[in-house]
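Observations on chain architecture
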Amino acid sequence: MVDQRLDSFRVRQSFDRAAADYEANAVLQREVGERLLERLGYLDIDPSCILDLGCGTGLQAGALKERYQSAAVIAADFAPAMLKQVRKHSRWRRPLLPVGADALKLPFAARSADLIFSNLAMQWCDTLPDLFNECRRVLRPGGLLLFSTFGPDTLHELRNAWGAVDRQVHVNQFLDMHDIGDFLLLAGFANPVMDAERICLEYGTVGQLMKELKAIGAHNLNAGRPAGLTGRSKMQAMVRHYDQFRRNDRYPATYEVLYGTAWEPAEGQPRRVGDGEVVHFSVEHLKGSRRG
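Quick notes on the rules
- Residues numbered from 1 in each chain as written.
- Predicted model: local features only at pLDDT ≥ 70, side-chain atom pairs only at ≥ 80, totals over all residues.
- Heavy atoms only, no water.
- Helix = DSSP H or I, 4+ residues; strand = E, 2+ residues; numbered from the N terminus.
- Buried < 20%, exposed > 50% of the residue type's maximum accessible area, 1.4 Å probe, protein only.
- Contact = heavy atoms within 4.5 Å.
- Areas by Shrake-Rupley, 256 points an atom, 1.4 Å probe, with all protein chains shown as cover.
- Core = buried A, V, L, I, M, F, W, Y, C linked by side-chain atoms within 4.5 Å.
- Pairing = 2+ DSSP bridges.
- Axes fitted to C-alpha atoms, helices over the stretch in contact; angles between N-to-C directions.
- Right-handed = clockwise from strand over helix to strand, strands pointing away.
- Phe/Tyr/Trp six-rings, centres within 6.5 Å; stacked < 30°, edge-to-face > 60°.

So, on to the overall build of the chain. Along the backbone of the chain there are 11 helices and nine strands. Looking at the 292 residues of the chain, the share that counts as buried comes to 46%. Relative to all contacts within the chain whose residues are 6 or more apart in sequence, the contacts with residues 24 or more apart total 78%. About 15,100 Å² of surface is accessible on the chain, with carbon and sulfur atoms providing 50% of the total.

Nonpolar side chains tend to gather and get buried jointly when the protein is soluble and globular. The biggest cluster of nonpolar side chains holds 43 residues, and the ones touching the most others in it are Leu40, Tyr242 and Tyr255. Leu40 has contacts with Ile45, Leu64, Arg67, Tyr68, Leu115, Leu144 and Leu146, leaving out every residue within four places of it along the chain. Residues Met122, Leu131, Leu139 and Ala262 belong to the second largest nonpolar core, which totals 28 residues.

In space, the seven strands of this open sheet follow the order 3-2-1-4-5-7-6, with mixed pairing throughout. Because the sheet does not close on itself, it has two edges, and the strands there are strand 3 (97-100) and strand 6 (190-203). Strand-to-strand, the axes of this sheet are offset by a mean angle of 15 degrees, without reference to chain direction. Relative to strand 2 (residues 72-77), strand 1 (residues 49-53) is paired through five bridges, and the arrangement is parallel. Bridge assignment links Leu53 to a residue of strand 2, and that residue is Ala76.

Below, the discussion takes up the pairing of strand 2. Counted residue by residue, strand 2 has five buried out of six residues, so it is predominantly covered. Taken together, strand 1, helix 4 (residues 59-67) and strand 2 form a β-α-β motif whose crossover is right-handed. The pairing of strand 2 with strand 3 spans four bridges and is classified as parallel. Along strand 3, the bridge assignment pairs Asp77 with Gly100. The β-α-β motif built from strand 2, the intervening helix 5 (residues 80-85) and the parallel element strand 3 has right-handed crossover chirality.

With five of its five residues buried, strand 1 lies for the most part within the structure. Of the two faces of strand 1, the one holding Cys49, Leu51 and Leu53 and the one holding Ile50 and Asp52 are both buried throughout. The pairing of strand 1 with strand 4 (residues 113-119) spans three bridges and is classified as parallel. Each bridged residue has a counterpart across the sheet, and for Leu51 the counterpart in strand 4 is Ile116.

A word on the packing of aromatic side chains. For the structure on display, the rule yields seven aromatic pairs. Geometrically, the ring pair formed by Phe150 and Phe174 is edge-to-face, given 5.6 Å between the ring centres and 70 degrees between the ring planes. Taken together, the residues span a long stretch of sequence, with Phe150 in strand 5 (residues 139-150) and Phe174 in the loop between helix 7 (156-163) and helix 8 (177-187) at a distance of 24 residues. Exposure class is identical for Phe150 and Phe174. Each is buried. A ring pair is formed by Tyr242 and Tyr251, whose centres lie 6.1 Å apart and whose planes are at 70 degrees; its orientation type is edge-to-face. Neither Tyr242 nor Tyr251 differs from the other in exposure class; each is buried.

Such coordinate-based values are descriptive only and should not be taken to indicate function.
Okay, here's the thing in structure tokens:
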């Protein structure tokens, strides 16, 4: 059985290498980030502390600071070279706070953030249940988790073309929208909502697509990927099979983009745990209620 887990060391290494030229190549990431930011316009929130989880070069963190100027905006990423790029989007009067962080072991106090924003970063985490539990720990009661990630139909043309060549894993695997929604519920989030859209990019050659994936650090990073370099004959065979998707001399690459919204239950609001519900109160809340 092929190992489809992510190689976390190589994921970090890949994004470190891509950091300097990331924004010049990450066209899709920028577009999805803008669409995710637009969703904040429909939500009645006034956060005082925002965590941009998997911030990359800090492009969306800078936009969050512009929108919520009085809020502290923490730009967190596990790739040191990415964090060095954050200064480009940090202003003297509205500085960002770059922090190196493992998403599964966030270096932040419990109940310290009002909004966790994450654009196309969660797909690089193998254990979403653990990630969602950590997000719940950091969010304050009534806080919001807003994120985008990729669904299983992402790069289906490339996956199909490679599948005709061999049985190795050449394209990263992504979770289904309904599975992610279930993980949010299991973690205890309130009112989770998931939706999806498909965005298709077109390239003059399959080689251009492969080059762009590598340039943004998003090439095949599964632990079970083929060892060593892929031979020229296999690559040529893959390109021939990819030709079935060609339209008007352009090669499409489809991305299934998933959007998620979920709330940390307010103080005293029940949340699902197993087959029942549990109500949580902080000691401070109970003491305050007694004084009242």
